[in-house]
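Okay, here's what each chain looks like letter by letter:
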Amino acid sequence: MAANGTGAPEGLRGAEAAAAGPRQERAGAGAGGLALLGAAPGAPSCPHGPALLFVKMSQGKEEGRRFYACSACRDRKDCNFFQWEDEKVSETRLAAREECNRNRQPSFTHRQNVERYKSFVLLPLSKRKFCQECQQLLLPAEWEKHCGHQFLCDISIAQLKSPSQLLYPLENKKTNAQYLFADRSCHFLLDLIIALGFRRVLSVGTPRLHEMIQSKASQKEDFSVRSLLLDIDFRYSQFYTEDEFCHYNMFNHYFFGGEAAHETCRKFLYQDKGERVIMVTDPPFGGLVEALASSFKKLMTMWRETKKEGHDNQEMPVFWIFPYFFESRILEFFPSFSMMDYQVDYDNHALYKHGKTGRRQSPVRIFTNIIPSMIVLPVEEGYRFCTICQRYVSSGNQHCEICNSCTSKDGRRWKHCALCNKCVKPSWFHCNNCNCCALQDHVCERTEAGCFVCGKAGHKRSTCPSLSLTKTARQTDKKKRQKTPKKVKMGICKKSAMKHAIFFRKRIKNKKKRCNLPC
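Residues numbered from 1 in each chain as written. Predicted model: local features only at pLDDT ≥ 70, side-chain atom pairs only at ≥ 80, totals over all residues. Heavy atoms only, no water.

J.: I'm lost on the nonpolar core in this one. Help?
T.: For soluble globular proteins, nonpolar side chains are generally found buried alongside one another. Judged by nonpolar contacts, the single largest core of 90 residues is most densely connected at Leu 202, Leu 209, Leu 230, Leu 299, Phe 319 and Trp 320. At 9 residues, the largest contribution of residues to this core is made by helix α9 (residues 289-304). Grouped together as the second largest cluster of nonpolar side chains are 16 residues, Leu 160, Leu 166, Leu 229 and Phe 239 included. (Core = buried A, V, L, I, M, F, W, Y, C linked by side-chain atoms within 4.5 Å. Buried < 20%, exposed > 50% of the residue type's maximum accessible area, 1.4 Å probe, protein only. Helix = DSSP H or I, 4+ residues; strand = E, 2+ residues; numbered from the N terminus.)

J.: Sorry, what's going on with the packing of helix α8 (residues 258-270) against α9 here?
T.: Between two packed helices, the angle of one axis relative to the other and the distance separating the axes together describe the packing. Running from N to C, α8 and α9 point in directions that differ by 60°, and their axes come no closer than 9 Å. Taken together, α8 and α9 sit at an angle that is classed as oblique. Crossing handedness for the pair α8 and α9: right-handed. Counting all contacts with α8, which are made through His 262, Cys 265, Arg 266 and Leu 269, the residues of α9 involved are Leu 299, Met 302 and Trp 303. Looking at the contact of α8 with α9 residue by residue, the class counts come to 5 nonpolar, 1 polar and 1 charged. (Axes fitted to C-alpha atoms, helices over the stretch in contact; angles between N-to-C directions. Parallel < 35°, antiparallel > 145°, perpendicular 65-115°, else oblique. Left-handed = near helix turned anticlockwise from the far one by under 90°. Contact = heavy atoms within 4.5 Å. Nonpolar A, V, L, I, M, F, W, Y, C, P; charged D, E, K, R; others polar.)

J.: Before we go on, may I ask you to explain the packing of aromatic side chains in this structure?
T.: Remark: the centre distance and the inter-plane angle together describe each pair of aromatic rings, the angle taken between the planes. This structure, assessed with the given rule, holds 20 aromatic pairs. Pairing Phe 82 with Trp 84 gives two aromatic rings, centres 5.0 Å apart and planes at 85°, and the pair type is edge-to-face. Here the aromatic rings of Phe 334 and Phe 337 are separated by 4.7 Å at their centres, their planes lie at 20°, and the arrangement is stacked. Residue classification places Phe 334 among the buried positions, given a relative accessible area of 3%. An aromatic cluster is built from Phe 181, Phe 285, Phe 296, Trp 320, Phe 322, Tyr 324, Phe 325, Phe 326, Phe 334, Phe 337 and Tyr 346, whose rings are joined through pairwise contacts. Just above the ring of Trp 143 sits the side chain of Lys 129; from NZ or CZ to the centre is 4.0 Å. Positioned above the aromatic ring of Tyr 270, the side-chain terminus of Arg 266 is 5.9 Å from the ring centre. (Phe/Tyr/Trp six-rings, centres within 6.5 Å; stacked < 30°, edge-to-face > 60°. Lys NZ or Arg CZ within 6 Å of the ring centre and 35° of its normal.)

J.: Explain the confidence of the model for the chain to me, please; I cannot follow it from the model alone.
T.: Averaged over the chain, the pLDDT score is 81; the fraction of residues at 70 or greater is 74%. Note that pLDDT drops below 50 for residues 2-31; the model gives that stretch 102 contacts with residues more than four away or on any other chain. Taken as a whole, residues 512-519 scores under 50 in pLDDT and shows 0 contacts with residues more than four places along the chain or in a different chain. (pLDDT = per-residue confidence, 0-100.)

J.: Would you mind showing me how to read the pairing of strand β26 (residues 436-439) here?
T.: For a regular strand, side chains alternate in direction, first toward one face of the sheet and then toward the other. Pairing analysis gives 4 bridges linking strand β25 (residues 428-431) to β26, with the strands arranged antiparallel. Bridging from a neighbouring strand, His 430 pairs with Cys 437 of β26. (Pairing = 2+ DSSP bridges.)

J.: Where do I start with the pattern of salt bridges in this structure?
T.: It is possible for side chains bearing opposite charge to pair when their charged atoms get close. This structure, assessed with the given rule, holds 16 salt bridges. Here Arg 266 and Glu 263 are joined by a salt bridge, their closest N and O atoms 2.8 Å apart. Residue Arg 266 and its partner Glu 263 are located together in helix α8, separated by 3 residues, close to a single helical turn. Residues joined by salt bridges that share partners form a network here, namely Arg 184, Asp 345 and Glu 381. (Salt bridge = Lys/Arg side-chain N within 4 Å of Asp/Glu carboxyl O.)

J.: Sorry if this is basic, but what is going on with the sheet that holds strand β15 (residues 277-281) here?
T.: Each strand in a sheet pairs with its neighbour through backbone hydrogen bonds, running either in the same direction (parallel) or in the opposite one (antiparallel). Overall, mixed pairing links the 8 strands, which are arranged β14-β13-β12-β11-β15-β16-β18-β17 in an open sheet. Unpaired on one side and paired on the other, β14 (254-255) and β17 (338-339) mark the two borders of the sheet. Across 2 bridges, the pairing between strand β13 (residues 245-249) and β14 is antiparallel. Each bridged residue has a counterpart across the sheet, and for Asn 249 the counterpart in β14 is Tyr 254. Where α9 meets the sheet, its contacts fall on β11 (200-204), β12 (226-231), β13, β14, β15 and β16 (318-323), and the angle it forms with β16 comes to roughly 170°.

Next up, the structure:
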């Protein structure tokens with residue numbers, strides 16, 4: 001898994017959505033927050049590729065200057081790139097930025113890593129070492145440079161075929177979040193892909209699925225499925241050729257390998273004239289949904305360009321793996337998608353595990369534009385086919401006759417609220433004050449008191465104008481109080497310094513007079 005975005009842009013339907021290309025997409029149109037305006041032509045770049053354009057929103061309107069920030073890192077500690085949209089950047093600063101971008105690039109190119117891998121596999125088992133601190137395959141001539149580092153020795157061919165087991169997962173949930181598929185989910189996805197008749201998989205941020213396909217392809221001659229991995233983790237370039245891996249940022253649709261990598265992806269999609277190919281993606285759950293959707297639409301457009309005339313309305317089949325609580329956001333961008341009940345689980349995540357009950361079940365689901373009745377879920381795990389909904393659902397997802405749908409999202413049996421006219425979670429109750437269902441101990445949003453600070457309606461305490469004015473007044477008063485003793489101290493110091501200087505001058509004059517007296 002390479003995962004929440006903010007934003008609610010208008011969704012386009014069918015082929016129009018995929019053909020929209022780069023366009024402005026707004027987020028946080030509610031009370032306030034940051035809005036993503038999308039990829040802008042001529043945007044400045046950071047080490048993660050072209051930056052994205054943002055603006056601060058308040059009450060649905062732009063407030064403040066637009067600015068560029070890193071597309072991949074939401075935390076300034078990971079990438080501190082920032083630039084105002086209308087800012088004039090000096091030549092010196094531009095040169096320093098380019099130097100910084102160069103310094104943060106990998107020490108070896110993809111092609112160099114491929115050659116290093118060829119040399120590495122020719123070494124005897126006793127000389128195959130992997131540096132755990134640098135996360136790098138080492139050749140004998142490099143051992144001395146890594147002296148003092150922790151090594152893994154005797155690296156087998158089987159380990160090289162499973163790099164996700166060898167590499168440390170990058171667990172920054174806002175950037176990389178490499179929570180890797182458990183074997184159960186990985187085998188299910190691959191079996192489903194084969195059953196649906198797909199022969200090529202565009203693996204976007206799914207390294208474990210990619211390595212399973214690669215491993216089976218090398219072991220079985222009759223295994224016809226192939227995969228191309230697109231991932232921001234460049235460490236995988238040590239194990240895969242340029243036809244098997246592309247260094248890719250899914251937040252701004254940036255191929256680090258330039259036009260050559262872009263062409264590799266296009267050729268992969270073009271094989272068999274675009275037939276029998278599916279995109280499987282597992283983005284970081286802390287990423288911006290609208291940025292991800294924009295990149296996925298571009299990949300879908302790239303696929304559509306390989307198709308014959310008369311297929312303009314078709315969409316490339318997609319499995320987008322994401323938590324169920326993002327369903328409404330995903331459907332805004334891809335109205336043709338639907339959510340499956342299958343619970344995806346991960347090896348290295350404490351909560352996203354299969355077999356747990358109640359609220360502890362994995363919230364991760366599969367969103368797809370494939371007809372739901374074609375997605376067969378394992379009956380031995382409790383999934384069953386609903387003849388009315390014409391899709392497989394979890395055992396706890398009971399059909400509601402009023403909603404005419406299997407309404408549960410989290411695996412528990414939901415209950416119907418007549419006042420809300422929809423099914424809600426079993427732990428929710430109808431609140432007459434909020435006029436909707438919520439947890440019993442929730443804080444009502446529609447209280448008569450309004451804002452906690454000024455009592456007015458339409459905003460919360462954190463965005464209250466009175467609070468900001470009071471805060472400004474406090475800061476001004478504090479500064480005045482801080483300045484007063486400083487001025488007094490400075491005055492005293494100046495006076496004592498002047499006295500000391502006068503006294504020192506008098507002493508020098510007296511000495512000179514004494515020296516000039518006749519003996």
